[in-house]
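So you can see what is in the structure, the chains are spelled out below.
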Amino acid sequence: MTRPRGRVRAGVFARVVGLAVAMACTGLALTGSSAASAAPSAAPSAPGISPLLELPRPTGPFIVGRTVLALRDASRADPWVAGQRRELMVSLWYPAVPARGARPAPYMTERESAALLELLGADDVPEDTLAKVRTYSVADARPLARRSPLVLLSPGFKLPRATLSSLAEDLASRGYVVAGVGHNHEAVATTFPDGRTTPCSACTPPYDQAKLTRIGEGRAADMRFVLDRLIGPSPVWGGGRAVDGRRVAMVGHSAGGYSTVPAMRGDRRIDAGLTLDGLAEVSTPGVDRPFLMMGTPENAPGGAGEPYWGRTWSALSGWKRWLTVDGAQHESFTDLPALVDQATPGTSDGPVAEAGLSGARGVEITRAYVGAFLDRQLRNRPRALLDGPSVHRPEVRFWAP
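Residues numbered from 1 in each chain as written. Predicted model: local features only at pLDDT ≥ 70, side-chain atom pairs only at ≥ 80, totals over all residues. Heavy atoms only, no water.

With that out of the way, let us pick up the nonpolar core. Within the largest apolar cluster, 38 residues are counted, with the highest numbers of intra-cluster contacts made by L92, L150 and L152. Considering every element that reaches this core, the biggest residue donor is helix α4 (residues 209-231), with 6 residues. With residues near it in sequence (within four places) discarded, L150 still touches V177, A179, L227, L230, I231, V243, D244, R247, V248, A249 and L378. (Core = buried A, V, L, I, M, F, W, Y, C linked by side-chain atoms within 4.5 Å. Buried < 20%, exposed > 50% of the residue type's maximum accessible area, 1.4 Å probe, protein only. Helix = DSSP H or I, 4+ residues; strand = E, 2+ residues; numbered from the N terminus. Contact = heavy atoms within 4.5 Å.)

For the rest of this paragraph, the subject is the confidence of the model for the protein chain. When pLDDT is averaged along the protein chain, the result is 87, and 84% of the positions lie at 70 or above. A low-confidence stretch, residues 1-50 stays under pLDDT 50, and its non-local contacts, those more than four residues away or across chains, total 136 contacts. Low pLDDT, under 50, characterises residues 346-354; the predicted model gives this stretch 15 contacts beyond four residues in sequence or across chains. (pLDDT = per-residue confidence, 0-100.)

What follows deals with the environment of P104. As for its position among the elements, P104 is in the loop between β2 (85-96) and α2 (110-119). When the C-alpha positions of P104 and V138 are compared, they lie 4.5 Å apart, and in sequence the two are 34 residues distant.

When the charged atoms of two side chains with opposite charge come close together, those side chains can pair. Across all of its chains, the model carries 28 salt bridges by this definition. Notably, a salt bridge pairs D228 with R269, separated by 2.9 Å at the nearest N-O pair. You can see D228 sitting in helix α4 and its partner R269 sitting in the loop between α6 (260-266) and β9 (272-276), a full 41 residues away along the chain. In this structure R269 comes out as partly exposed when scored by relative accessible area, which is 29%. (Salt bridge = Lys/Arg side-chain N within 4 Å of Asp/Glu carboxyl O.)

Attention now moves to the state of the cysteines. Scanning all chains against the criterion turns up 1 disulfide. Disulfide pairing is shown between C200 and C203; the S-S distance is 1.8 Å. Across the S-S bond linking C200 and C203, the dihedral sits near 70°, which makes this disulfide right-handed. Given a relative accessible area of 14%, C200 falls into the buried group. (Disulfide = S-S within 2.5 Å.)

For the bond running from P205 to P206, omega is 5°, close enough to zero to count as cis. Within the fold, P206 resides in the loop between β7 (197-198) and α4. Residue S254 is not a glycine yet carries a positive backbone phi of 60°. Within the fold, S254 resides in the loop between β8 (243-253) and α5 (255-258). Look at S254 and you get buried, because its relative accessible area is 0%. Non-glycine residue D277 carries a positive phi angle of around 60°. Here D277 shows up in the loop between β9 and β10 (291-295).

The full count for this structure, using the stated rule, is 5 aromatic pairs. Between F157 and Y207, the aromatic rings sit 6.2 Å apart at their centres with planes inclined by 80°, giving edge-to-face as the arrangement. You can see F157 sitting in the loop between β4 (148-154) and α3 (165-173) and its partner Y207 sitting in the loop between β7 and α4, a full 50 residues away along the chain. When its relative accessible area of 1% is taken as the criterion, F157 is described as buried. (Phe/Tyr/Trp six-rings, centres within 6.5 Å; stacked < 30°, edge-to-face > 60°.)

Overall, mixed pairing links the 10 strands, which are arranged β3-β1-β2-β5-β4-β8-β9-β10-β11-β12 in an open sheet. In this open sheet, the two edge strands, each paired with only one partner strand, are β3 (137-139) and β12 (396-399). The mean angle between the axes of side-by-side strands here comes to 25°, regardless of whether they run parallel or antiparallel. (Pairing = 2+ DSSP bridges. Axes fitted to C-alpha atoms, helices over the stretch in contact; angles between N-to-C directions.)

Given below as structure tokens:
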């Protein structure tokens, strides 16, 4: 059956996405438990119909550029498909030079949009809805002539790398180069420049410890390869001169979060790490460099996630923080709740707020604490936000068990 095309049917989108993201990720990822716009203005809304969706505006002073790279590691077999070499898609967000007639970067491809909406069970939403999301980055803009710290970004299991775009755009607007890595066959769809769209070959049961370890170790190898290609002797990106390879951090959501520790253990070039609601057995050996654990209330001491979070905390021997966010759901650290909230006109906080944290608030908190951590660890800039509870963000709790 062909779905109607047009604007989002807000009620269906809100109802489905608000409940389905966590369900789509269960078994592998929830807690590890088994500057100026270059885009056109959004269209006005009609009664009962949402406007075109858009990402939250970046907060930094720089225009954001975005380009995509297709990388192939000829030395390594794909862990999920026999007979294939490992391929990755990488989105690069970076501080850019203003230019006339610039094109806004697309959020994701139509095939990626259709696959993600199918995963979420959003049958009444047009397949290309997420491909039309307004971004605040400029396609293939010229990077600024400056060397910026590098942030590696790894998304949740089954989720396209685009679902962390609001965080990536904000960091780029504040002077970071951000490499969002699409781990092939671990998202519901990954589109390559030659037109191929690969499915999630890893998305079949069992979701056991062996698969957790396979994902964590595989993504660690992916990050080593991406670093080699971005800051090695022959950078693949024409703007590689803009990357400061002496200041590197990794940030991951869900499966990307529990992959951060093994990536740091395997590569000393990664100076600091941060997990957004993702720790598992593969994370518990810990690391000796700065690490921030940030998640939902169930990952507080005494919560369901404590067995992994507590063991990882004890094994961390460098600077560390353990934070949880009241009202947050697993997907609160991604773009999805903010997009869902927009799909319901006539409400100030959106449907996610009914269960706790609004989508916009989730984005604001995530950007604030990730940015503060990176400023402190990669730029040596003190950030009081990381020293204890804030009256401006009372949802965020500090733990020191």
